[in-house]
Amino acid sequence: MIRFFTHTSVTPAADLALEEAIHHCVEEGLSPATWRIWQPSTPAVILGTGQESAREANLEIARSENVPVLRRHSGGGAVVIGPGTINFSAFHPFKHLPGSDTIRGAMYAALAPLIRLMEQWNLRINKAGYSDLAVLCADGTLRKIAGNSQARKRHSVVVHGTLLADPDWNRIERLLHFPSSIPDYRAGRGHREFLTSLRECGAPFDLETFTAELAKQLPSDTITSGATEEEIRRADVLLNEKYTRDNWNFRR
């Protein structure tokens, strides 16, 4: 059984806290495997757990534009979220995922419903780089449409992703430096030359359509229910003790 729900918190920091709280509960068997979709109404820069903030993000521009710089509990690269992006999270016990003995295997097993959906929309999806979903374009180049990361515990994994639906390209250029770690297929391309979006590919790009169509790719016994009281309680603690603290967000 999988739980599927769409929920966006009051702030991106609260969204990240809820992500970690759900992961703890799935790990402990208190919550089922879960797909969650969320889309903040305001932008934020989200760093991977081990990244150096000043190396990946233009902190001066972020401050001048009142864009928070936050850190998630999974790895991967920095992303700009907000209007025009769709954030998704897949939480699974390893026993549900074929090939989960490897990081890459668990990643793409968890993302199988999303890959099927985009292929139904006639996107030529490639599993590229470390953990990306890339589109093979008409000119023969691969362009990234979703960046993914994961956090693993003993019995479970969460795969975080940011899907480029119809993003503000200028905002991405302003807020993110050229990344410190890049896959070979990037080939030195800047953000705008390397990235693409659902809209550019002629696919549906609104949150409502994406959510409804993704739900059709999940098992027939999928339930639609929101966060539990225990997940909300843990998220409140994590928000106050971690995700609103500079010693977490700017620890590197």
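Check the entry above for the structure.
Residues numbered from 1 in each chain as written. Predicted model: local features only at pLDDT ≥ 70, side-chain atom pairs only at ≥ 80, totals over all residues. Heavy atoms only, no water.

Draft legend 1. Representation of the layout of surface pockets in the model. There is about 830 Å³ of room inside the largest pocket. For the lining of the largest pocket, the secondary-structure elements that each account for two or more residues are helix H1 (12-27), strand E5 (79-81), strand E6 (85-93), helix H4 (103-110), strand E9 (142-152), strand E10 (156-164) and helix H7 (191-194). It is E9 that provides the largest number of residues to the lining of the largest pocket, a total of six residues. Of all the elements, helix H9 (residues 229-243) adds the most residues to the lining of the second largest pocket, at four residues. (1 Å grid on protein atoms, 1.4 Å probe; cavity = no way out; pocket = protein on both sides within 12 Å on 5 of 7 lines; lining within 4 Å. Points joined across faces, edges and corners; volume = space filled by probe spheres on them. Helix = DSSP H or I, 4+ residues; strand = E, 2+ residues; numbered from the N terminus.)

Draft legend 2. Quick look at the packing of aromatic side chains. A complete count under the given rule lists three aromatic pairs for this structure. Note on Tyr-243 and Trp-248: the rings are 6.0 Å apart at their centroids and 75 degrees apart in plane angle, and the pair reads as edge-to-face. Accessibility assignment for this pair places Tyr-243 and Trp-248 in one class, buried. For Lys-242, the ring lying beneath its charged end belongs to Trp-248, and the centroid distance is 4.1 Å. (Phe/Tyr/Trp six-rings, centres within 6.5 Å; stacked < 30°, edge-to-face > 60°. Buried < 20%, exposed > 50% of the residue type's maximum accessible area, 1.4 Å probe, protein only. Lys NZ or Arg CZ within 6 Å of the ring centre and 35° of its normal.)

Draft legend 3. Examining H9 more closely. What H9 keeps buried is the set Glu-231, Arg-234, Ala-235, Leu-238, Leu-239, Lys-242 and Tyr-243. Where H9 is buried, its residues meet strand E1 (2-6), H1, strand E4 (69-71) and helix H10 (246-249). (Contact = heavy atoms within 4.5 Å.)

Draft legend 4. Local environment of the pattern of salt bridges. Here the structure, examined in full by the defined rule, presents 15 salt bridges. For Arg-3, the salt bridge is made with Glu-231, and the minimal N-O distance between the two is 2.7 Å. Residue Arg-3 is located in strand E1, and its partner Glu-231 is located in helix H9; the two are separated by 228 residues in the primary sequence. For Arg-3, a relative accessible area of 1% corresponds to the buried category. (Salt bridge = Lys/Arg side-chain N within 4 Å of Asp/Glu carboxyl O.)

Draft legend 5. Molecular detail of the nonpolar core. By size, the foremost hydrophobic cluster in this structure holds 37 residues, and its most contacted members are Trp-35 and Leu-133. Those residues within four positions of Leu-133 in sequence are excluded, and the remaining contacts are Tyr-108, Leu-111, Leu-114, Ile-115, Met-118, Ile-125, Asn-126, Lys-144, Ile-145, Ala-146 and Asn-148. Within the second largest apolar cluster, 23 residues are counted, among which are Ala-44, Ile-81, Val-158 and Leu-239. (Core = buried A, V, L, I, M, F, W, Y, C linked by side-chain atoms within 4.5 Å.)

Draft legend 6. Broad picture of the packing of helix H5 (residues 112-120) against helix H8 (residues 207-215). Running from N to C, H5 and H8 point in directions that differ by 115 degrees, and their axes come no closer than 9 Å. Considered as vectors, H5 and H8 are oriented roughly perpendicular to each other. Two packed elements cross with a definite hand, and for H5 against H8 that hand is right-handed. Residues Pro-113, Leu-114 and Leu-117 of H5 pack against Phe-210, Glu-213 and Leu-214 of H8. By residue class, the composition of the contact of H5 with H8 is five nonpolar, no polar and one charged. (Axes fitted to C-alpha atoms, helices over the stretch in contact; angles between N-to-C directions. Parallel < 35°, antiparallel > 145°, perpendicular 65-115°, else oblique. Left-handed = near helix turned anticlockwise from the far one by under 90°. Nonpolar A, V, L, I, M, F, W, Y, C, P; charged D, E, K, R; others polar.)

Draft legend 7. Looking closely at the sheet that holds E5. Strand order across the open sheet formed by three strands is E4-E3-E5, with mixed pairing between neighbours. Bordering the open sheet on either side are E4 and E5, each of which pairs with just one other strand. For this sheet, the mean inter-axis angle between neighbouring strands, taken without regard to orientation, is 35 degrees. Taken together, the three bridges between strand E3 (residues 44-47) and E4 define a ladder with parallel strand orientation. Across the sheet, the residue bridging to Leu-47 is Arg-71, located in E4. Across the sheet, H1 is in contact with E3, E4 and E5; its angle to E4 comes to roughly 5 degrees. (Pairing = 2+ DSSP bridges.)

Draft legend 8. Broad picture of the pairing of strand E7 (residues 125-128). Here four bridges tie E7 to strand E8 (residues 132-136), and the two strands are oriented antiparallel to one another. The residue of E8 that forms the bridge with Ala-128 is Asp-132. Between E7 and E8, which pair antiparallel one after the other, the connecting turn spans three residues, and Gly-129 there sits at a positive phi close to 60 degrees.

Draft legend 9. Inspection of the state of the cysteines at higher detail. Evaluated as defined, the whole model comprises zero disulfides. Between Cys-201, a cysteine without a disulfide, and Cys-137, which holds the nearest cysteine sulfur, the sulfur-to-sulfur distance is 5.7 Å. Under the relative-accessibility criterion, Cys-201 is labelled partly exposed at 28%. (Disulfide = S-S within 2.5 Å.)

Draft legend 10. Focus on empty space enclosed by the protein. In the structure shown here, the tally under the stated rule is one cavity of 30 Å³ or more. Val-80, Ile-81, Gly-82, Pro-83, Thr-85, Pro-167, Asp-168, Arg-171 and Ile-172 are the residues that line the largest cavity. Every element with two or more residues in the lining of the largest cavity is listed here: E5 and helix H6 (169-175). Here the residues of the lining of the largest cavity sort into five nonpolar, two polar and two charged.

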